[in-house]
Amino acid sequence: MCKKRLLNLMEKCQKWEWLKEKHFRSSCQSSVFGLVMEHLEISMIPALLLLPVLLQVAAAHYLLGISILTALPGLVLWYYYATHRRKRRTLFFLSLALYSLAYMYYLFITQVVPRGDVGLLQVSTATSGMLLTVALLIHTKRGPGFVPQPAVHGALSGTTKSSTPSVGPGASSSGAPAELQAGKEALRGKWSWCPVCRIMRPPRAGHCRTCGGCVQRLDHHCVWINSCVGQANHRSFLLTLSVFVLTSLYGISLVLGSICPQQRAVTALFYCPGVYAHYSTALCFTCSWYSSIITGGLLYVLLVQVLNISFNVTEREARLALRSKKGQRRLFGLVIDTGEHSRGFFQNWVDFLTMKDASVSLRSSCTDLV
Ligand SMILES: [Zn+2]
Ligand SMILES: [Zn+2]
């Protein structure tokens, strides 16, 4: 009997050791992975500088072009999911976007304009579009509108999880009409507690694990701008995206019109005889494809954003609704209709365009511009 107990105990001990070893091994693996990722961030900078070299190699032959232009987005997507999973901030995507924009503009000025097919007005339009994109990007980078911690926390000192806020739209006032009081009561219920920031946050606000703070009317964390998109910068984010996509499409059509004048822009992207006869036209053609891939991705993001605004749903709300199986997929699954805030197509757009600017807290200072 005693021997049996001893055997059981030994077996349990072995299991415990194995578990400890497994845990140690997995934590070791994750720390090694973390170390690789840390160094990868730095080593990605020379990789960025390799972009012109890669595009020039891709221009040498169409097979090289296909291989490189397939591998590049694949690598970027892999890096995106790797950083997204770890919820860490990265400057890689912002650097890649700005560097690509600058390089494409440089090629446009040095390779396409000297050909003489593009007029001064067209060059000015493309230049204005590019400068406007950068200006709007800087405006978007001012911050998403973090829930102002000191004000809320100070006013809520001594409150508990279940308590209601004494500031903001839920604040009570003595002598208010019954209807108004009922409305306020309903509104109060939507305030939620953030266990990380330890604050009560207004309706539709959410915590971003990458930025480490609660954002008012949080939409999503965008790796391309290395910041959250929230109440304070959602409109300028949409405008940046729209201006970039329009400028890029215009630029691509100018380039293809110059190197392949006998074809329409869309046809020229797939069929442009003799484009590889000269290195300069081959490089322009390769860069048109590179820009088209990026623009295609951003066009999809823009489409989803426009649909989300039309249904008055944020990316975060759509994700939560999918998880809790409360939302309805609409338009081939492009949008998740929660039905929670929607007041009809027209009113949803009015609400978005007239949405009050969130207070920009100290977190969104000038130091956050990168
Ligand atoms: Zn929070
Ligand atoms: Zn964020």
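Just so you know, these numbers come straight off a predicted model, no measurement behind them.

Turning our eyes to something else, we now look at the environment of Ala318. Mapping Ala318 onto the fold places it in helix H11 (residues 315-323). What makes Ala318 buried here is the crowd of 22 C-beta atoms within 10 Å. It is 7.7 Å that separates the C-alpha atoms of Ala318 and Val335, two residues lying 17 residues apart in sequence. Not counting residues up to four positions away in its chain, the partners in contact with Ala318 are Asn308, Val313, Gly327 and Ile336.

Before going further, it helps to spend a moment on the packing of helix H4 (residues 92-112) against helix H8 (residues 234-259). Axis separation between H4 and H8 bottoms out at 12 Å; the angle between their running directions is 25°. If you check the angle between H4 and H8, you find them roughly parallel. The chirality of how H4 crosses H8 is left-handed. Note on element contacts: H8 touches H4 through Gly251, Leu254, Val255 and Ser258, opposite Met104, Phe108 and Val112. In the contact of H4 with H8, the residues fall into five nonpolar, two polar and no charged.

We now examine the UniProt feature "transmembrane region" (unreviewed entry) in the chain. Within this structure's numbering, the places UniProt gives as "transmembrane region" (unreviewed entry) are residues 32-55, 61-81, 90-108, 120-138, 237-259 and 279-303. For residues 120-138, helix accounts for 100% and strand for 0%, while the C-alpha atoms at its two ends are 27 Å apart. End C-alpha to end C-alpha, residues 237-259 measures 33 Å, and it is 100% helix and 0% strand.

Counting residues in hydrophobic clusters, the biggest one holds 23 residues, and the most contacted among them are Phe108, Val255, Leu256, Ile259, Cys284 and Cys287. Of all the secondary structure elements, the ones that give two or more residues to this core are helix H2 (51-58), H4, helix H5 (120-140), H8 and helix H10 (279-310). Aside from chain neighbours lying at most four places away, what touches Phe108 is Val113, Ala126, Gly251 and Val255. Within the second largest apolar cluster, 21 residues are counted, among which are Phe146, Ala205, Cys211 and Val243.

This brings us to unusual backbone geometry. Note: most residues except glycine have negative phi, and most peptide bonds are trans. Even without being a glycine, Arg198 presents a positive backbone phi close to 55°. Examined against the element boundaries, Arg198 turns out to sit in the loop between strand E1 (192-194) and strand E2 (199-201). On the neighbour-count criterion, Arg198 (11 C-beta atoms within 10 Å) is exposed. Its identity as a non-glycine residue notwithstanding, Arg217 has a phi of 45°, on the positive side. C-beta crowding within 10 Å serves as the criterion here: with 23 such atoms nearby, Arg217 is assigned to the buried category.

Moving on, we come to the confidence of the model for the chain. On average, residues of the chain score 77 in pLDDT, and 72% of them are at 70 or above. Across residues 15-28, where pLDDT falls below 50, the model places zero contacts with residues more than four positions away in sequence or in other chains. Under a pLDDT of 50 for its full length, residues 360-370 has, in the predicted model, 19 contacts with residues more than four places off or in other chains.

Once that is clear, we can look at H4. End to end, H4 covers 28 Å across 21 residues, agreeing with the expected 30 Å (1.5 Å per residue, within 8%). For H4, the complete set of buried residues consists of Phe92, Leu101, Met104, Leu107, Phe108 and Val112. For H4, the arc enclosing every buried residue in end-on projection is 160°, short of the 170-degree limit, so these residues lie on one face. Set apart from the buried face of H4 by more than 90 degrees, the exposed residues are Ala102, Tyr106 and Thr110.

Cut-offs used in this document
- Residues numbered from 1 in each chain as written.
- Chains lettered and ligands numbered in written order.
- Predicted model: local features only at pLDDT ≥ 70, side-chain atom pairs only at ≥ 80, totals over all residues.
- Helix = DSSP H or I, 4+ residues; strand = E, 2+ residues; numbered from the N terminus.
- Buried ≥ 20, exposed ≤ 12 C-beta atoms within 10 Å, placed from the backbone.
- Contact = placed C-beta atoms within 7 Å.
- Axes fitted to C-alpha atoms, helices over the stretch in contact; angles between N-to-C directions.
- Parallel < 35°, antiparallel > 145°, perpendicular 65-115°, else oblique.
- Left-handed = near helix turned anticlockwise from the far one by under 90°.
- Nonpolar A, V, L, I, M, F, W, Y, C, P; charged D, E, K, R; others polar.
- UniProt positions renumbered as here; feature names shortened; annotations may be inferred.
- Core = buried A, V, L, I, M, F, W, Y, C linked by C-beta atoms within 7 Å.
- pLDDT = per-residue confidence, 0-100.
- Expected span 1.5 Å × (residues − 1).
- Arc of directions from axis to C-beta.

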